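Residue-level structural notes
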Amino acid sequence: MKTRLFCIFFWALSFLEAQDGANLFASFCASCHGADGAGGAHAPSILENGRRRNTVDLPETIRNGIKEGGMPAFNFNDADLNALVSFIRATLFAPAADHPAAGDAKAGEAFFFGKGNCTSCHMVKGHGGTLGPDLTNIARERRLGQIEQALRRPETRTAPGYRPVTVRLQDGKTWSGIAKSESNYDLQMQGSDGELHVFSKSQIGQETHEPKSLMPAVKASEPEIHDLLAFLSRLTTETARSSNEALTPASTGIPFDRIVHPKSGDWPTYHGQLSGNRHSDLKQINTSNVDHLAPSWMFPIPKTTRLEVTPIVIDGIMYVTTANECWALDAKNGRQFWHYVRPLTRGVIGDAASAINRGVAVLHDKVFMVTDNAHIIALSRLTGELLWDTEMADYHRGYGATAAPLVVGNLVLSGTSGGDEGARGFIAAYDADTGAQEWRFQTIEGPRTWVGRAIEHGCVSAWMTGSYDPSTDLIFWATGNPCPDYNGDERKGDNLYANSVVALEPKTGKLRWYYQFTPHDLHDWDAAEPLLLVDATFKGKPRKLLLQGNRNGFFYVLDRTNGEFLLGEPFVKKMNWADGIDERGRPRTLPRATPTVEGVQVCPSVDGAANWFSSAYNSDTQLFYVMAHEACNIYTKSDAWWEPGKSFYGGATFFIISAGEVSQRFLRALDIQTGKLVWEIPEIGASGGWGGVLSTAGGLIFFCDDAGAYAAADAKSGKLLWHFYTNQPWYASPMTYAVDGKQFTAVSAGSAVISFALP
């Protein structure tokens, strides 16, 4: 009884304090900021800025004012100041979810999806239309009064990006929809067909903006409005439909056939093609005119200095990412359509902790990306709203994610990072409509090839994007290194499926075949380099080939139908760990390359002769292009064991400091029949770049050189033809696309995406 009386007394005091705060706000603040804080004649809204600002500073702001902003100081006593601050925080800043409306939320949900026909324009967790804002998280994004006002008087406020517009083009065609963004030069709009369109002002004959919102006032009884308000004021990403609940399969947007057979000019996957081969059939930019190439536009990504993303372009829309953020851009000029962002995750370790992300996949009405804490998410392709969110693995156990996903059929595939932190690797497939996991392939085979206790934290993460071959209906995925990286004493054996390519059936994840490039790896030479699937005549016989320039220094040719080893030749000169590959496809290793406590010099270096950056094959020249790294390291081993939250190296590597030891990269062109060098371009510069290559039907190889220049060379001869200094370090690989018949080539340089075109 005493407890109940105390609670009632405390509630009464809180109520009086709130009332005092409301009166103080009305007397001192409302004349400038408006009675609801949404902005007035003399001061802006405090709602959006206030929620972003740390409210701990609110009392100090009120007492001191904002001199540069024209806000006076208020000398309230402590009691009045506390009451005012409490009112602002609890009533004005608080979203609807903190104090939802009374009513029958279930009945409101039924009205929303039924009689109210709200889904004709609005979407909730993947259900509904896109001509109105996505309401999946409205209870966190809006205050209760704002939601009620939108239901009863929608004409009083039109959400940014949803202003009704009708345009009549010079050719007589008429388009109606909503204006997403507009400038003196163009109009970005979403048509009534649901697709995004961009019209230059020269294309538009007449443009008419409607003065009111498209949304009519809700026609419903008062009880129905109260129930609808109860539903919407509780609608958050946590309470909306579960990611694993069956949704209506997407029937619009980008079908998988358009990913398998891209329209000329589209770049719909991480490498432009599911084959992993970064070669394009575009040839508007070619050897005869590339010297006229110039920057067309750039898009800076805030708060980053190390973009690793390869943009995707489909239907004229470009998608770029950094960790936990995605932008949809107009591929012609870089102007933003939408932006999705979620906070970086505290406590993530490994590669994911460096806040990198390499891109997205697109299918139907969705854009897919991974997050730093090893989730895979689906966003609306048209609005950027979150549609589903699935945890792939627990980041507290060392997992993260950085790579672009791969779509196959109606599945989205990804692995995780954490390949040096003791997190056991896997490749998993998720339903594109719901995010439900369909299968998982474990990349550590089992104790048969892992003798010792290291298997429990053996790593072998599948941290890069795989390839897919429709002709054999097989997925090809490269796997990471075993742990501890440099000490194999507690993991004797080949350590399957580390440092391998695995061929999986897409419907089941069943292993069809595998090939291990580096058995019992002791040098962190994982196989996460691009896997190129090409059809070519090899040794006089038509074959379905798989090509890779491996981190261990060998160029490989395999038969991708069965994993048969066809060729393995060195593509670097600095190699002392093996003297070749035998007829079974196993390297002939040399004992002197085994790490010791004292340390041994081994070539290639820990960065590898190649790495994750892109390579390419051109069927016209029949050459394989790769950025090769000539370097060595001192490798040591130790008995240091796995600890949570730390890397599991079992040793270390060191640069070799001597006058005669030089590390250098080369762009190399290899004959796939023999693996022999045809031509090379030495990289002269100090950037230590991690940029890859792009091949085009225009007879060009684009690449990122160590002087910080984006450059192009003749694909047949290696003659340098063009360069542009970005003066940025390289951590990404180039791509090309076309919009309205004009070819562009784009690359992430430092903290910006830059697109180039002919004048």
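Quick caveat, the model's predicted, so the values are computed rather than measured. (Residues numbered from 1 in each chain as written. Predicted model: local features only at pLDDT ≥ 70, side-chain atom pairs only at ≥ 80, totals over all residues. Heavy atoms only, no water.)

A short note on the state of the cysteines
How we decide: For the purposes of this analysis, a disulfide is any pair of cysteine sulfur atoms at a distance within 2.5 Å. Comment: elements are numbered from the N terminus, with helices defined as DSSP H or I runs of at least four residues and strands as E runs of at least two. Here the term buried applies to any residue with accessible area under 20% of the maximum for its type, exposed to any over 50%, and partly exposed to those in between, with areas from a 1.4 Å probe on protein chains only.
In total, this model carries 2 disulfides according to the counting rule given. Here C459 connects covalently by a disulfide to C483, the sulfurs 2.0 Å from one another. Linking C459 and C483, the disulfide has an S-S dihedral of approximately -95 degrees and is accordingly described as left-handed. Residue C459 is found in the loop between β21 (437–442) and β22 (467–469), and its partner C483 is found in the loop between β23 (474–478) and β24 (500–504); the two are separated by 24 residues along the sequence. Shown here is the disulfide that connects C603 with C632, its sulfur atoms set 2.0 Å apart. Residues C603 and C632 share a disulfide whose torsion about the S-S bond is about 100 degrees; that sign makes it right-handed. Placement of the pair is C603 in the loop between β32 (600–602) and β33 (616–618) and C632 in the loop between β34 (623–630) and β35 (633–637), with a sequence separation of 29 residues. By relative accessible area, C603 is classed as buried at 6%. Going through the protein in sequence order and numbering each bonded cysteine, the pairs you get are 1-2, 3-4. C32 forms no disulfide, and the closest cysteine sulfur to it belongs to C29, at a distance of 8.5 Å.

What to know about the packing of aromatic side chains
Operational definition: We call Phe, Tyr and Trp rings a pair once their centres come within 6.5 Å, taking the six-membered ring for Trp, and we label the pair stacked below 30 degrees between planes, edge-to-face above 60, and tilted otherwise. Here, a charge over a ring is recorded when the distance from Lys NZ or Arg CZ to the ring centre is within 6 Å and its angle to the ring normal is within 35 degrees.
The final tally for this structure, using the stated rule, is 38 aromatic pairs. Centroid distance F28 to F76: 5.1 Å. Interplanar angle 85 degrees. Geometry classified as edge-to-face. Within this pair, whereas F28 is found in helix α1 (residues 2–28), its partner F76 is found in the loop between α4 (58–64) and α5 (78–92), the two being separated by 48 residues in sequence. Judged by relative accessible area, F76 falls into the buried class, the value being 9%. With a centroid separation of 5.3 Å and 70 degrees between ring planes, the pair formed by F724 and F756 is classed as edge-to-face. Note that F724 is positioned in strand β42 (residues 720–725) and F756 in strand β45 (residues 752–757), a separation of 32 residues in sequence. Classification of F756 by relative accessible area gives buried; the value is 0%. Chaining the aromatic ring pairs together yields one cluster made of Y515, F517, W525, F554, Y556, F565 and W577. Sitting over the face of the ring of Y162, K180 holds its NZ or CZ atom 4.1 Å from the ring centroid.

Details of the side chain of N481
Where we set the bar: Polar contacts here mean pairs of N or O atoms no more than 3.5 Å apart (in protein, one a potential hydrogen donor and the other a potential acceptor; neighbouring residues in sequence count only if both atoms are side-chain atoms). Any two residues having at least one pair of non-hydrogen atoms within 4.5 Å are treated as being in contact.
Following the sequence through the fold, N481 ends up in the loop between β23 and β24. For N481, a relative accessible area of 3% corresponds to the buried category. Within the local environment of N481, its side chain forms a polar contact with the side chain of D420, the two groups lying 3.3 Å apart. In this structure the side chain of N481 is engaged in a polar contact, spanning 3.2 Å, whose partner is the side chain of D485. In this view, N481 contacts G419, D420, G458, C459, V460, A498, N499, D521, D524 and D526; residues no more than four positions away in its chain are not counted.

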